[in-house]
Protein chains: 2
Amino acid sequence: MIMSRIEAPRDEVTGNLLDRLRDGLPAEAVLTDPDVTASYANDMASFCAAGAPAVVVLPRTVEQVQHVMRTATALRVPVVPQGARTGLSGAANASDGCIVLSLTKMDRILEINPVDRIAVVEPGVINATLSRAVNEHGLYYPPDPSSWETCTIGGNIGTASGGLCCVKYGVTAEYVLGLDVVLADGRLLSTGRRTAKGVAGYDLTRLFVGSEGSLGIVVRAILALKPQPPQQLVLAAEFASAAAACEAVCRIMDGGHVPSLLELMDRTTVKAVNEMTHMGLPESTEALLLAAFDTADPAADLAAVGALCEAAGATQVVPADDAAESELLLQARRLSLPALEATAGTTMIDDVCVPRSKLGEMIEGVERIAEKYRLTIGVCAHAGDGNTHPVVCFDAQDPDESRRARESFDEIMGLGLELGGTITGEHGVGILKKEWLAREIGPVGVEMQRAVKHVFDPLGILNPGKLF
Amino acid sequence: MIMSRIEAPRDEVTGNLLDRLRDGLPAEAVLTDPDVTASYANDMASFCAAGAPAVVVLPRTVEQVQHVMRTATALRVPVVPQGARTGLSGAANASDGCIVLSLTKMDRILEINPVDRIAVVEPGVINATLSRAVNEHGLYYPPDPSSWETCTIGGNIGTASGGLCCVKYGVTAEYVLGLDVVLADGRLLSTGRRTAKGVAGYDLTRLFVGSEGSLGIVVRAILALKPQPPQQLVLAAEFASAAAACEAVCRIMDGGHVPSLLELMDRTTVKAVNEMTHMGLPESTEALLLAAFDTADPAADLAAVGALCEAAGATQVVPADDAAESELLLQARRLSLPALEATAGTTMIDDVCVPRSKLGEMIEGVERIAEKYRLTIGVCAHAGDGNTHPVVCFDAQDPDESRRARESFDEIMGLGLELGGTITGEHGVGILKKEWLAREIGPVGVEMQRAVKHVFDPLGILNPGKLF
């Protein structure tokens, strides 16, 4: 790593910081070339400010992370922990003069235990790497954010990531049994357990999950695994309106079905995917619903759900014949965001989750907002969870359109709250939504959350400027 | 409520407390007769000290709970929240001069929503009442502690209760989406959400679950529900040793099966159940394993699991023919603790959970401990979770036997920790295990947990003397 030796002109403060960091880190784990450090400044969120890191560190051991945190505490330097920076809320964005603490080199799978159905991993393990490794033992690690081929387990824990599987299998939080966390002052805290159950003391594990690196640095995780389910089979149903598709969602859930996936793509999204992939999805439809089952008899479940879709007004219901066809439909859904990004100049991806009984109202409301602000807003949704991703498309060079984009983005969150929902179903608060967090959780909520933050980070050096 | 008007001789402090409580509570909600208040002093734990409450209050509204907490804060009086007092760790035991805050009168089911699959309830709702109410909507609230016919949802939340269903459906914590909590100073905090997903801020909901009333008073809960599964079918397998039964458990879990119940009863337990019920369970067996499936084809699943039991050395495998036979077997398991209690003079029920791969070592270790201390220790276990309930039987009138009982009880926890387990799988810490909590979570854990406690309860009035 020659690059790390090309140093920026260093002032005394930074010089002292670098010297002390190098006391406990190998030379190649301390990056200071400004071109290099600048490349660590951002995650994938739009509209989020990022500063210039003083240094990027890439520790490989728990002791090295402890050394970094002890140094940061001693010198009162802010620390921004990072995984693969695939986040969508700016939670991993650097602040000026910070230490970027990248956990990507701590990427070992330490244990996979099929009887206990657990895996023990370091935070830098890629989600897909873990998924494939546990598959070889007949096991399944469900959380599957769209970025699963590149995102890290540590990042998933930091943001409590979701994915397509959540309607049946829940989010990352539900798979974290225990954590090793390096605290702000460098001490090591172990939380949770490696047992199936356990209630010894407060559940600090869950406090760290979704805390966006603002309470401590996760250096090891004990994860719960499921047995690998049968291959899922997917059905596609076309609707003449988003309202009818949402009605189908309600009937499916009310009917007691447990799909392994229940996704919605609106016409804008379908067209964008077709433009990108030439998949030939039906563009005449206003809403495409994808449902899947990974049960013993998925064809029977799809038939039952297909009938419910027809009863709700589906104009066409097409069950996939086999795994290959199913995979193609999933691929279409997974490409929704990239496809919308490709068609638009710039996009802002919202992440509002409402009670699923309100999904229809939510999507109609987004249509009204798009009209009001004269913008294209494509909607894809984890419909079974009521988790919508309205994608606001705009030209970032046009100040008026940019302003309208930001306003519509906010109005979508306001609508979500009005409908009893949350401003973020799975992407987190970060920088992007911190003004909105207080609107959701109220003044008492903010006060208690800030007080909890202060317990773990009395100097305010852990990912400052995020969440609150 | 005439009783509440017969008052204990009141000193000035208590008089002031009662006057202020009555300012915001109806007369019948304030109990002061010492015979009556004494009846609220204990939960169902052995060996846990209980003091004499100054008063028992039975609020019916959130505002009344807020009034109680404001009063307690103003006068610095400790508050002990209570549900049905079926707990097994002394977490609901009164301390001298405290306000016992019984939530049993706040017992309304406020909402059941089959599309959103949620219920909104007050804390005093009985678990069985909720279970039956949601069943009528085709829904299922899984957590089923043994005391489910009498225990309250608030108590279940306070202790993060488990039950027989956990091997497939998890514990209470996994069903709590959001809470309304009255804080120590009387303010109302809302946590969580009513949506399927949500990551707005720190997960304070889970912090309250299992906190044994030491952080705030839960006055409303939003609970997740599942669709009602098919009726489960149960199989009983007899083994010539507990080790062989544990081997079967490992093979079942390693084989990717998802039983809805996987329970173990040792010979002592089987004999006790027979004595109580004349059920005619096989007494020649050293260990009886019960497995159940609530799948689409439970008979097929039972056949597969039965074969694994035989491969692990089962001497006999008997699948139930129908729901009635299944229910009888479940009844036997549910009666294990009462039956052991009936045969012994006094019992102490331990609750050590180990990784399920260590279950055999755990049970063998308990046998060694029983021998060492010359005591009968029956073991029943949520085997699929590795959660053992060794029941130490002894004569409380015999000081030496009582001492040996207490020592063996502790040694069982020590063994659990050695095997990578936890001192409590589902019963909680309360008073009974507070010396052991520190051994499990270590000094950094204790320090951080105490600091979190201080955030929510700076005056230390919420259930003092529990957990730490």
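Everything discussed here concerns the structure shown above.
So, here is what we can say about the structure in this document. (Residues numbered from 1 in each chain as written. Chains lettered and ligands numbered in written order. Predicted model: local features only at pLDDT ≥ 70, side-chain atom pairs only at ≥ 80, totals over all residues. Heavy atoms only, no water.)

In terms of helices and strands, chain A carries 15 helices and 19 strands. Computed over the C-alpha atoms, the radius of gyration of chain A is 23 Å, within 12% of the 23 Å expected from 2.2 N^0.38 for a compact globule of 468 residues. Judged by the C-alpha coordinates and their principal axes, chain A covers about 70 × 60 × 45 Å. Expressed as a percentage of contacts within chain A between residues at least 6 apart in sequence, the contacts between residues at least 24 apart total 73%. (Helix = DSSP H or I, 4+ residues; strand = E, 2+ residues; numbered from the N terminus. Rg over C-alpha atoms; globule rule 2.2 N^0.38 Å. Contact = heavy atoms within 4.5 Å.)

A word on the sheet that holds strand 4 (residues 99–102) of chain A. All names here are of chain A. Spatially, 1-2-4-3 is the arrangement adopted by the 4 strands of the open sheet, whose pairing is mixed. Only two strands of the sheet have a single neighbouring strand rather than two, namely strand 1 (30–31) and strand 3 (79–82). The sheet contact formed by strand 3 and strand 4 spans 4 bridges and is parallel. Residue pairing across strands places glutamine 82 opposite serine 102, the latter belonging to strand 4. The strands touched by helix 3 (residues 62–75) are strand 2 (55–57), strand 3 and strand 4; relative to strand 4, the strand with the most contacts, the crossing angle is about 165°. (Pairing = 2+ DSSP bridges. Axes fitted to C-alpha atoms, helices over the stretch in contact; angles between N-to-C directions.)

This part takes up the relation of the copies chain A and chain B. Each copy superposes on the other: chain A lies on chain B with an RMSD of 0.0 Å after a rotation of 180° and an axial shift of 0.0 Å. Both copies are brought into coincidence by an operation consistent with a two-fold rotation axis. Interface overlap between copies is the fraction of interface residues in one copy that are interface residues in the other; for chain A against chain B it reaches 99%, indicating a shared surface. (Least-squares fit on C-alpha atoms with pLDDT ≥ 70 in both.)

On to the state of the cysteines, then. Residue and element names in this part refer to chain A. Under the criterion given, the structure shown has 0 disulfides over all chains. For the unlinked cysteine cysteine 151, the closest cysteine sulfur is that of cysteine 165, found at 12 Å. Between cysteine 353, a cysteine without a disulfide, and cysteine 166, which holds the nearest cysteine sulfur, the sulfur-to-sulfur distance is 9.5 Å. On the accessibility criterion, cysteine 353 (0% relative accessible area) is buried. (Disulfide = S-S within 2.5 Å. Buried < 20%, exposed > 50% of the residue type's maximum accessible area, 1.4 Å probe, protein only.)

Residue and element names in this part refer to chain B. If you walk across this open sheet you meet the 4 strands as 1-2-4-3, and the pairing is mixed. Sheet topology places strand 1 (30–31) and strand 3 (79–82) at the edges, where each strand pairs with a single neighbour. By the bridge criterion, 3 bridges tie strand 2 (residues 55–57) to strand 4 (residues 99–102) in an arrangement that is parallel. Each bridged residue has a counterpart across the sheet, and for valine 55 the counterpart in strand 4 is isoleucine 99. Strands strand 2, strand 3 and strand 4 of the sheet are contacted by helix 3 (residues 62–75), whose axis makes an angle of about 165° with strand 4.

Below, the discussion takes up the interface of chain A and chain B. With 73 residues of chain A at the interface, the matching set in chain B holds 72 residues. Summing both sides of the interface, chain A and chain B together bury roughly 5,700 Å²; the carbon and sulfur share of this comes to 62%. Per-residue buried area on chain A facing chain B is highest for Lys197(A), Val199(A) and Tyr202(A); these three make up 17% of the total on that side. Summed over the shared surface of chain A and chain B, the result is 8 salt bridges. When the shortest N-O distance is used, the salt bridge between Lys197(A) and Glu426(B) registers 2.7 Å. (Buried area = accessible area lost by both parts, 1.4 Å probe. Salt bridge = Lys/Arg side-chain N within 4 Å of Asp/Glu carboxyl O.)

Here we take up the environment of Ala72(B). Within the element layout of this structure, Ala72(B) appears in helix 3. Classification of Ala72(B) by relative accessible area gives buried; the value is 0%.

We now examine unusual backbone geometry. Residues and elements named next belong to chain A. Phi angles above zero are rare outside glycine, and phenylalanine 47 is one such case at about 60°. Among the structural elements, phenylalanine 47 can be located in the loop between helix 2 (34–38) and strand 2. Within the chain, alanine 160 stands out as a residue other than glycine whose phi angle is a positive 50°. Looking at the element boundaries, alanine 160 is found in the loop between helix 5 (153–159) and helix 6 (166–169).

Residues and elements named next belong to chain A. This structure, assessed with the given rule, holds 10 aromatic pairs over all chains. Residues phenylalanine 47 and phenylalanine 394 carry aromatic rings whose centres are separated by 5.5 Å and whose planes lie at 25° to one another, so their mutual orientation is stacked. Remark: phenylalanine 394 occurs in strand 19 (residues 387–394) and phenylalanine 47 occurs in the loop between helix 2 and strand 2; sequence separation between them is 347 residues. Its relative accessible area of 41% is what places phenylalanine 47 among the partly exposed residues. Look at phenylalanine 394 and you get buried, because its relative accessible area is 3%. On the numbers, 5.3 Å between centres and 75° between planes, the contact of phenylalanine 208 with phenylalanine 456 is edge-to-face. Of the two residues, phenylalanine 208 sits in helix 7 (residues 204–208) while phenylalanine 456 sits in helix 15 (residues 434–456), which places them 248 residues apart along the sequence. Classification of phenylalanine 456 by relative accessible area gives buried; the value is 2%. (Phe/Tyr/Trp six-rings, centres within 6.5 Å; stacked < 30°, edge-to-face > 60°.)

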